[in-house]
Amino acid sequence: MRLLLIRRRVRGVPRFRRRWFRRPVWQNRAQHGAWRTTVRTMMAEDPEEFFRHLRMTPEIFAELLARLTPRLRVLPGVGRITPGERLALTLQ
């Protein structure tokens, strides 16, 4: 593998350049993402749909989130997801 990389550098093969740090479709995820709109709304207004979506009641989800938040927390940065989002994605 290392030999292949060295050959590419010698030949002048350009390295892969990213077009975006984060794709444009995800730029407004904090305001319009599934966690902000769907899950939180279901949690507050429609517990039955929340149960169908995540297979647990909002109260149990909140308790599980409170217990797991220290383990789900990641260093803050651009585009990081919250512990609640992380747990909801895992349970889906």
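Cut-offs and rules
Residues numbered from 1 in each chain as written. Predicted model: local features only at pLDDT ≥ 70, side-chain atom pairs only at ≥ 80, totals over all residues. Heavy atoms only, no water. Helix = DSSP H or I, 4+ residues; strand = E, 2+ residues; numbered from the N terminus. Buried < 20%, exposed > 50% of the residue type's maximum accessible area, 1.4 Å probe, protein only. Areas by Shrake-Rupley, 256 points an atom, 1.4 Å probe, with all protein chains shown as cover. Salt bridge = Lys/Arg side-chain N within 4 Å of Asp/Glu carboxyl O. Polar contact = N/O pair within 3.5 Å; in protein donor to acceptor, adjacent residues only side chain to side chain. pLDDT = per-residue confidence, 0-100. Axes fitted to C-alpha atoms, helices over the stretch in contact; angles between N-to-C directions. Parallel < 35°, antiparallel > 145°, perpendicular 65-115°, else oblique. Contact = heavy atoms within 4.5 Å. Nonpolar A, V, L, I, M, F, W, Y, C, P; charged D, E, K, R; others polar.

## Focus on the overall build of the protein chain
For step 1, the next point in the chain: When helices and strands are tallied, the protein chain shows six helices and zero strands.
For step 2, the next point in the chain: When the elements of the protein chain are put in sequence order from the N terminus, they spell out α-α-α-α-α-α.
For step 3, the next point in the chain: The buried share among the 92 residues of the protein chain stands at 20%.
For step 4, the next point in the chain: Accessible area for the protein chain stands at about 8200 Å²; split by element, carbon and sulfur atoms hold 55% of it.

## Some thoughts on the pattern of salt bridges
Side-chain pairs of opposite charge can arise where the charged atoms are in close proximity.
For step 1, the next point in the chain: A complete count under the given rule lists three salt bridges for this structure.
For step 2, the next point in the chain: Here R67 and E63 are joined by a salt bridge, their closest N and O atoms 3.1 Å apart. Taken together, the positions of R67 and E63, both in helix α5 (residues 58–72) and four residues apart, correspond to about one turn of that helix.
For step 3, the next point in the chain: R67 gets classed as exposed once you look at its relative accessible area, which sits at 62%.
For step 4, the next point in the chain: The structure contains a network of salt bridges with shared partners spanning E48, E49 and R52.

## Quick look at the side chain of T69
For step 1, the next point in the chain: Position of T69 among the secondary structure elements: in helix α5.
For step 2, the next point in the chain: At a separation of 2.4 Å, a polar atom in the side chain of T69 contacts the main-chain carbonyl oxygen of L65.

## A closer look at the confidence of the model for the protein chain
For step 1, the next point in the chain: Here the protein chain averages 79 in pLDDT, and 70% of its residues register 70 or above.
For step 2, the next point in the chain: Mean pLDDT per element in the protein chain: helix α1 (residues 2–11) is the minimum at 65, and α5 is the maximum at 94.

## Quick look at the packing of helix α3 (residues 34–45) against helix α4 (residues 47–54)
For step 1, the next point in the chain: One way to put it is that α3 packs onto α4 with a least axis distance of 6 Å and a crossing angle of 130°. In terms of orientation, α3 and α4 fall into the oblique class. Where α3 abuts α4, its residues V39, M42, M43 and E45 lie against P47, E49, F50, H53 and L54.
For step 2, the next point in the chain: When its residues are assigned to classes, the contact of α3 with α4 shows six nonpolar, one polar and two charged.

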